[in-house]
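Each chain is listed here by its residues.
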Amino acid sequence: MRRRNRAGMWMVLPLTIFTLIFVAAPLLYMVFLSFASQSSSGFGVEWKFTLENYKRILDPVYRNTFYGSLRLAFSTTALNILLGYPFGYFMAKLSAKKKKAAVLFLMLPFWLNSLIRLYGWIILLQKKGLVNEVLLRLHLIDKPLKILYSYPAILIGMVYVLLPFMALSVYSSAEKLDWSLAEAARDLGAGRCYAFFTIIFPLTLPGLFSGIILTFIPSMGLFFIADILGGNKIVLVGSLIQEQMTRGNNWPFAAALAMVLLVVTSLLLGLYKKLTNSDVLEGIG
Amino acid sequence: MKNKLIELRNLTKNFDDQQVLKGISLDIYENEFLTLLGPSGCGKTTTLRIIAGFEEPSDGQVLFNGIEISKVPPYKREVNTVFQKYALFPHLNVADNIAFGLNLKKVEKSVISQKVERMLKMVGLSGFENRDVTLLSGGQQQRVAIARALVNEPKVLLLDEPLGALDAKIRKQMQLELKKIQREVGITFVYVTHDQEEALSMSDAVVVMNNGEIQQIGTPTDIYNEPENRFVASFIGESNIIEGHMIRDYLVEFDDFQFECVDKGFEDNEEVEVVLRPEDLDIVEPEHAKITGVVRDITFKGVHYEIMIETEKRMYNVHTTDYAPVGKKIGLLFGPEDIHVMCKMGAY
């Protein structure tokens, strides 16, 4: 028994070392960095303990950036649930052949750089773009809408980029479902709707949960969507960090922002896990 | 006379281009244990699903107490189903699974728990209320599935190969129990299986199906002893099937000999097929029998020997407790009541 445990320990050693070097160490480095400060020359880091960076985040400008990011992340996730759940669910109900095609089409955009795909959205959303053109032709609007470089444009871009993750997680959950369960419910006196909400929906929750996590976390940090479709007008935490690292050259402050982002996201996930009581998540631990 | 509960009238069902039911007509009576028996793909499950309401027939009628119901959704029918793989709700415990139908009908909580308890007692799972259904054995899950269906007090219980996933010993035990439960609750069971032994040992009536058509309807004894055609004879039990012709009523000729039999109603000289069940044949000294042959193979089967006997015309399969060494010349003896004459079947 003990011998086997020891053998097992040796087996996981490479993984442990890998994790230590590539995950734990950089994270620890970032923690230290966040308590340091930018050197007065403007380049490099001055290694002296300070809470200045964290104090600075409490400034309304940065605090509001966090609120804005959270709001966007929540709306993105909510829209993704509304669109992605039915998407994944009905995909799972297709015939085996159509299923394969549907998954392929859903994965297809992944083969193209998402930056390029977002530039595609600029063409669609601009003043004389396809969306406005169609709406005008249908006489739904009198003059072109200013969608591009606005909050809705960012939201559209976010939902677009993250939708496959939600759809695929729900799909993987629904795909494993025993459809005779729905028949059993209907046999026992349930209408289609009741059968869905009492049997099918609860059993696809693991997929929905992992979909939520897979869309919520990235949507807190996807800065380039806001940059491209928001026209730099709306600043998110992600873009703030990126800016501090590159143009601002203030790595310690960027590290502090990243730490706060990490803590906020973890807290929200912890709260969420507690509320939904879900230990089992589809695909991820 | 028992009351007709369900009448199927000339049901057909097409899936895409394939016709899986080719005109099924069947009466199902009250308090009857009726089995749909046939090889896979014969349409037995489709027939059951039409009765349950999961499929609509392409043509034909389903009458329930004389009222057409083929367009009525499953939740409005007075039938409940026990599914092949149980289809228990994995996120509900045993009691909540059983109470599912009652909760839907807004039955009072105290009544529900009483009924659940009574059902669990009947299927032999008293005290299992709070168990996790996914942790039960196959046999226990099956019992919960039966309780879940019966607690709604349906007029008919439909069972779709419910014992298929269980091992042989538990299957035997569940067969007996199902029969007992059926007598206890006194409702109609419609049972689908491909296992002929299961069908024969449990049913009041057996419907043998093949290729979307009913081959024969009858009691287990009828089906076994008086198969109507070659398919029924070969599907149910082992048999020697021999081509011959009726000389006249009560006299049949095959393998160049004439035999007295108990069958009548055929035309004189009509081409027929004769079934001789292996266990109805005896081996005797050659001079005591018309048909003689040589033992080619003998296998010990526990209760009996299976002996392959080669005669001038064919190979006979004989089940007997007597022993005969390979190569020995022997005679085959059988009485008039052992000969079962059937109409000749077209292409099979």
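Criteria and cut-off values
- Residues numbered from 1 in each chain as written.
- Chains lettered and ligands numbered in written order.
- Predicted model: local features only at pLDDT ≥ 70, side-chain atom pairs only at ≥ 80, totals over all residues.
- Helix = DSSP H or I, 4+ residues; strand = E, 2+ residues; numbered from the N terminus.
- Buried ≥ 20, exposed ≤ 12 C-beta atoms within 10 Å, placed from the backbone.
- Contact = placed C-beta atoms within 7 Å.
- Nonpolar A, V, L, I, M, F, W, Y, C, P; charged D, E, K, R; others polar.
- Pairing = 2+ DSSP bridges.
- Axes fitted to C-alpha atoms, helices over the stretch in contact; angles between N-to-C directions.
- Domains from an automatic or database assignment.
- Parallel < 35°, antiparallel > 145°, perpendicular 65-115°, else oblique.
- Left-handed = near helix turned anticlockwise from the far one by under 90°.
- Expected span 1.5 Å × (residues − 1).
- Bend = angle between axes of the 7 residues up to and from the residue.

Is there a simple way to think about the overall build of chain A in this case?
When its secondary structure is counted, chain A shows twelve helices and two strands. Going residue by residue from the N terminus, the α and β elements of chain A occur as α-β-β-α-α-α-α-α-α-α-α-α-α-α. Overall, chain A is about 75 × 75 × 35 Å in size when its C-alpha atoms are taken along their principal axes. Going through the 285 residues of chain A one by one, you find that 33% of them count as buried. Residue pairs in contact within chain A that sit at least 24 positions apart in sequence constitute 72% of those at least 6 positions apart.

Explain the interface of chain B and chain A to me, please; I cannot follow it from the model alone.
Note on interface size: it is often stated as the accessible area lost on association of the parts. Facing 17 residues of chain B, the contacting portion of chain A comprises 14 residues. With three residues, the single largest contributor to the side of chain B that touches chain A is helix H2 (residues 94–104) of chain B. Of the residues in the side of chain B that touches chain A, the class split is ten nonpolar, five polar and two charged.

Can you help me understand the sheet that holds strand S14 (residues 271–276) of chain B in this one?
Adjacent strands of a sheet pair through backbone hydrogen bonds, lying either parallel or antiparallel. Residues and elements named next belong to chain B. Spatial ordering of the open sheet is given by S13-S12-S11-S14-S20, a layout of five strands whose pairing is antiparallel. Only two strands of the sheet have a single partner each, and these edge strands are strand S13 (257–260) and strand S20 (340–343). Between one strand axis and the next, the sheet turns by 45° as a mean value, whatever way the strands run.

Help me understand the environment of Lys172 of chain B in this model?
When you line up the elements, Lys172 of chain B lands in helix H5 (residues 168–185). Distance from Lys172 of chain B to Asp280 of chain B, taken between C-alpha atoms, is 26 Å for residues 108 residues apart in sequence.

For this particular structure, what's the right way to read the domain arrangement of chain B?
By the assigned domains, chain B splits into domain 1 (4–225) and domain 2 (238–343). Relative placement of domain 1 of chain B and domain 2 of chain B: their C-alpha centres are 39 Å apart.

Please explain the environment of Gly66 of chain B as it appears in this structure.
Here Gly66 of chain B shows up in the loop between strand S4 (59–64) and strand S5 (67–68). Residues Gly66 of chain B and Glu7 of chain B, 59 residues apart in the sequence, show an inter-C-alpha distance of 7.6 Å.

What is the right way to look at the sheet that holds strand S1 (residues 4–15) of chain B in this model?
Residues and elements named next belong to chain B. Strand order in the open sheet made by the four strands is S2-S1-S4-S5, with antiparallel pairing throughout. In this open sheet, the two strands that pair with only one neighbour each are strand S2 (18–29) and S5. Across two bridges, S4 lies against S5 in antiparallel orientation. Note that in S5 the partner of Phe64 across the bridge is Ile67.

Where do I start with the pairing of strand S19 (residues 329–333) of chain B in this structure?
One face of the sheet, then the other: side chains in a regular strand alternate in exactly this way. All names here are of chain B. The alternating pattern of S19 places Ile330 and Leu332 on a buried face and Lys329, Gly331 and Leu333 on a face that is not buried. Inspection of the sheet shows strand S15 (residues 282–284) paired to S19 by three bridges, in the antiparallel sense. Within S19, the position partnered with Ile283 by the bridge is Leu332. Here strand S16 (residues 291–300) runs beside S19; their pairing, made up of four bridges, is antiparallel. Within S19, the residue paired with Gly293 across the bridge is Ile330.

Quick question: what am I supposed to make of the environment of Thr311 of chain B here?
Here Thr311 of chain B lies in strand S17 (residues 305–311). Taking C-alpha positions, Thr311 of chain B is 9.5 Å from Ile330 of chain B, a pair spaced 19 residues apart along the chain.

I keep staring at the packing of helix H9 (residues 192–221) of chain A against helix H12 (residues 251–276) of chain A and nothing clicks. Help me out?
For any two helices packed against each other, one specifies the inter-axial angle together with the distance between the axes. Residue and element names in this part refer to chain A. At a closest axis distance of 11 Å, the pairing of H9 and H12 adopts a crossing angle of 160°. By the criterion of interaxial angle, the relationship of H9 to H12 is roughly antiparallel. Viewed along their axes, H9 and H12 form a crossing whose handedness is right-handed. On H12, the residues touching Phe209, Ile213, Ile217 and Met220 of H9 are Leu261, Thr265, Leu269 and Thr276.

Sorry if this is basic, but what is going on with helix H3 (residues 60–92) of chain A here?
Helical geometry: 3.6 residues make up each α-helical turn, so side chains three or four residues apart lie on a common side. With 33 residues, H3 of chain A should reach 48 Å at 1.5 Å per residue; the first-to-last C-alpha distance of 46 Å fits that figure. A bend of about 30° at Ile81 of chain A is the largest found in H3 of chain A.

When you look at the pairing of S4 of chain B in this model, what are you seeing that I'm missing?
When S1 of chain B meets S4 of chain B, the two strands line up antiparallel, connected through five bridges. Its bridge partner being in S4 of chain B, Thr12 of chain B is matched across the sheet by Asp59 of chain B.

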